[in-house]
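Chain residues, written in single-letter form:
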Amino acid sequence: MEIITILVTVFALIWFLCIFRKSNKDNVPLPPGPLGLPIVGYLPFLGNNLHHEFTKLGQIYGPIYKLWLGSKLCVVINSSSLKKEVVRDQYKIFGNRDTPVATLISTYGGIDIVFSPYGPHWKKMRKTFVHEILSNASLDACYSFRREEVKKTISQVYNENIGMAIDIGELAFLIVTNAVMSMMLGETIQGVTHVVGAELRKVIAEHMLILAKPNVTDLFSLLAWFDVQGMERQAKEILQSYDKVFNYAIERHTSIVVAKGVGGNEQRKGFLQVLLGLRDHVDSDSKLTITQIKALLMDILVGGTDIVSNTVEWVMAKLIQHPKVMEKVHEELTEVVGLNNIVEEFHLPKLRNLDAVVKETLRLHPPFPLLVSRCPSTSCTVGGYTIPKGTTVHLNVGAMHRDPDLWGNPLEFRPERFLNDPNLFDYRGNNLQYLPFGSGRRICAGIPLAEKMLMHVVASLLHCFKWELPPGQVLDFSDKFCIVVKKKNPLVAMPTPRLSKLELYE
Ligand code: HEM
C-alpha cells in the first residue's frame, strides 16, 4: 500500500513539474483551465458529449482554456477573434490535424484530405478533389444521377409509405448514399437497398465513433504500443468494409469500360472514372495511386452521406417543430417550383426562405461543433498564451453559434436572421461568427456538393409531401457527439402527398 502511495506521489510531482516547466517556457503561460487529477488529468470528469462539456468549461475559464487528458494537452478556443488567429493569421502552423492512431488506420494511413498534414500531399489531394471532382462542370455533368435518386426515393415513399411513420434520417441517408454511389460509379445503380444501405450506415456510424472516442493509446504515451481498448482492431475492420465497397466499385467500373470500350459513356462520367484516369496520368504531380484514389472516395462517401443526411434530419425536425415556418417554405416552393412540377437544382437559388432555414439549422446544430481538431506544427502564441507544438486544438464553433454577444435570442430558431442580407452569412467561412463548414485553408472541401444535395433533398421532401409527427410522438432535440453531432433519437414523421399530378410521383 505504502509503495503505491509513494509511486502516485512521485508521478503526481513529475506531472505537476511537467506542467509548470511547459507553462513557464519563454515566460508565456499556458491558458487557464481545470487542473484535473495527476496522471489522468481531466479525463475522468469528461462525459461523452464533448461539445456540451467544452461549452460549459468555457463559461468558467473564458475564451481560451486548456485541459489535460492523460499526457495530452488540449486547448479549446471559443472566441471568434482567437479563431481568426488560428485559421487565418497562423494558418500554416495550425494547418495540421491531430490524428489519433485508430483514425490513421481507418483512413489508409491518414492520406485522405481530412487527415493529411498540411503540405504537398494534402495540396495535391485537395486540388484534385476540388478541380477534378467537385468543379461546377463535373457536378453539372452528374446532376442526372442526383436527380434520379431523389425521384426514385420520392416515388418509393409515395408508393409504400403514405400515412406511415418513416425514419427521416434513414430515408435521407438512402437518397444521398444512392446519389453518391451513382456519381461515383457513373451509372444509375440498381439501388443501394435498405439492407446494403443499413449495412453501410452501420459502418459509417462505427467509423464516426472510432473518430470521436478517446483512446488511451493516444492519451498516455507509455501505452502507445498497446491496443488496450481494441480500437485499432476495430479500425482495421472498418477499413476492410470500406475497401470491399471501393473494390466492388473499381471492378464494376473496369468491367463497364471493357464492355463499352475505353471512356465508357463520356456523357455521364462518374467520379471514379475521373480518378482512375489520374492513375495513369503522365504528370507525376497529378498522378494518383490506387490507395490515394480510395482515400478520396472515402472522403466523398463519408462527407456526402452521413453528414448530409444527418443535417436533413435536423432541418426536418426544426420545420416540424415550427409549422408556421414550414408553411412559409411550402408557399415558396409552390410559387417557385409549382405543384405541377418537381424540384430541379436550378430552382434552388430562388428558395431563399428554405436557404435561411438550412442556415439557421446549421447555426443551432452544426454537424461539427468543434470542427476537426487542429495541431500546431510548432509552439506558438494565441491570445497571449502559449500553445505548445503537438497540442490538440478544438475550435468551439457550436458555442460561438449560440453566443448571446453575437446573436440575438441565440437559442431560438429564427431563420429570418439570415434573410436580410444572405451574403453576410454564407458557407465560405469569411464571417467568423458563423462557421458550420469551418474556415481558412482547411475549410470543408465538399461545400459545393453538400449545398446542392442538402437543399435538393430537403426541398424535394417538402415540396412533394406534408410531414407531421405520428400520433403520440413528441419532438426531441437531444443530441450525441460522435465527431458529427447527431440526433440522439431518430426523427420519425408521416408524409401526405402535396403535388397536383400523380404522375410526378412515378
Ligand atoms: C452538411 C454538410 C457538411 C458539413 C456541415 C461539413 C463540414 C465540415 C467541416 C466543419 C470540416 C472541417 C473544417 C475545418 O477544420 O475548418 C469539413 C472538412 C471536410 N469536408 Fe465537409 N462538411 C459537409 C459535407 C461534406 C461533403 C458532402 C464532402 C465531400 C463530398 C465533404 C468533404 C470534406 C473534406 C474532404 C474535408 C477536409 C478538408 C481539409 O482538411 O482540407 N464535406 N467539413
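I will try to describe carefully the structure that is included in this document. (Residues numbered from 1 in each chain as written. Predicted model: local features only at pLDDT ≥ 70, side-chain atom pairs only at ≥ 80, totals over all residues. Heavy atoms only, no water.)

## Some points on the pairing of strand β10 (residues 479-482)
Relative to strand β11 (residues 484-487), β10 runs antiparallel, the two being bridged by 4 bridges. Counterpart to F481 in the pairing with β11 is V485. As consecutive antiparallel partners, β10 and β11 are separated by 1 residue, and within that stretch I483 has a phi angle of approximately 65°, a positive value. (Pairing = 2+ DSSP bridges. Helix = DSSP H or I, 4+ residues; strand = E, 2+ residues; numbered from the N terminus.)

## Points about the site of the ligand
Around the ligand lies a shell of 28 residues, among which R97, W122, R126, R374 and C444 are the nearest. Here an oxygen atom of the ligand and a side-chain polar atom of R374 are 2.5 Å apart. A distance of 3.0 Å is found between an oxygen atom of the ligand and a side-chain nitrogen or oxygen belonging to R442. If you map the ligand onto the pockets, it falls in the largest cavity. Those elements that provide at least two residues to the shell around the ligand are α5 (120-133), α13 (290-321) and α17 (447-464). Ranked by the residues each element gives to the shell around the ligand, the list is headed by α13, at 6 residues. Its residues assigned to classes, the shell around the ligand comprises 17 nonpolar, 6 polar and 5 charged. (Near = heavy atom within 4 Å. Polar contact = N/O pair within 3.5 Å; in protein donor to acceptor, adjacent residues only side chain to side chain. 1 Å grid on protein atoms, 1.4 Å probe; cavity = no way out; pocket = protein on both sides within 12 Å on 5 of 7 lines; lining within 4 Å. Sits in = over half its atoms within 2 Å of the grid points. Nonpolar A, V, L, I, M, F, W, Y, C, P; charged D, E, K, R; others polar.)

## Describing the packing of aromatic side chains
Here the structure, examined in full by the defined rule, presents 17 aromatic pairs. When the ring of Y242 is compared with that of F246, the centres are 6.1 Å apart and the planes differ by 10°; the resulting orientation is stacked. Within this pair, Y242 and its partner F246 are both found in helix α11 (residues 231-260), separated by 4 residues, close to a single helical turn. On the numbers, 6.3 Å between centres and 70° between planes, the contact of W407 with Y434 is edge-to-face. Within this pair, whereas W407 is found in the loop between α16 (397-401) and α17, its partner Y434 is found in the loop between α16 and α17, the two being separated by 27 residues in sequence. (Phe/Tyr/Trp six-rings, centres within 6.5 Å; stacked < 30°, edge-to-face > 60°.)

## What to know about the side chain of H401
Inspection of the secondary structure assignment puts H401 in helix α16. Discounting chain neighbours no more than four positions away, the residues touching H401 are L362, R363, P366, W407, Q433, Y434, L435 and P436. (Contact = heavy atoms within 4.5 Å.)

## Observations regarding the packing of helix α14 (residues 323-336) against helix α15 (residues 352-364)
Relative to each other, α14 and α15 sit at 140°, their axes nearing to 8 Å. If you check the angle between α14 and α15, you find them oblique. Every residue of α15 that contacts α14 at V325, K328, V329 and E332 is listed here: R352, N353, L354 and V357. Looking at the contact of α14 with α15 residue by residue, the class counts come to 4 nonpolar, 1 polar and 3 charged. (Axes fitted to C-alpha atoms, helices over the stretch in contact; angles between N-to-C directions. Parallel < 35°, antiparallel > 145°, perpendicular 65-115°, else oblique.)

## Regarding the nonpolar core
Counting 132 residues, the largest nonpolar core has L67, L462 and W467 as the members making the most contacts within it. Those residues in contact with W467 that lie beyond four places of it in its chain are I166, I168, L171, M316, I320, M326, L461, L462, A493, M494 and P495. One finds V75, I387, M400 and L435 within the second-largest nonpolar core, a separate group that totals 17 residues. (Core = buried A, V, L, I, M, F, W, Y, C linked by side-chain atoms within 4.5 Å. Buried < 20%, exposed > 50% of the residue type's maximum accessible area, 1.4 Å probe, protein only.)

## Considering the coordination of the iron atom of the ligand
In this structure, the iron atom of the ligand receives exactly one donor atom from the protein: C444 (SG), at 2.3 Å. Turning to its location among the elements, C444 is positioned in the loop between α16 and α17. (Donors = N, O, S within 2.8 Å, 3.2 Å for Na, K, Ca; no water.)

## Details of empty space enclosed by the protein
Using the criterion set out here, one finds 3 cavities of 30 Å³ or more in the structure. Counted as a void, the largest cavity has a volume near 800 Å³. What lines the largest cavity is a set of 41 residues, and nearest its centre among them are V114, G303, I307, F368 and C444. Of all elements in the fold, only α5, α9 (194-212), α13 and α17 reach the threshold of two or more residues within the lining of the largest cavity. In terms of residue count, the dominant contributor to the lining of the largest cavity is α13 (9 residues). Among the residues making up the lining of the largest cavity, the classes are represented as 28 nonpolar, 7 polar and 6 charged. Considered as a void within the structure, the second largest cavity measures approximately 100 Å³ in volume. For the second largest cavity, the lining is made up of 13 residues, of which V150, K151, I154, I342 and S460 are closest to its centre. (Points joined across faces, edges and corners; volume = space filled by probe spheres on them.)

## What to know about the sheet that holds strand β9 (residues 465-468)
An order of β4-β12-β9 is seen for the 3 strands of this open sheet, with the pairing classed as antiparallel. Sheet topology places β4 (166-167) and β9 at the edges, where each strand pairs with a single neighbour. With 2 bridges connecting them, β4 and strand β12 (residues 492-497) associate as antiparallel partners. If you follow D167 over to β12, its bridge partner there is V492. The strands that helix α7 (residues 143-160) touches are β4, β9 and β12; relative to β9, the one it contacts most, it runs at about 65°.

So yeah, pure geometry; function would need other evidence.
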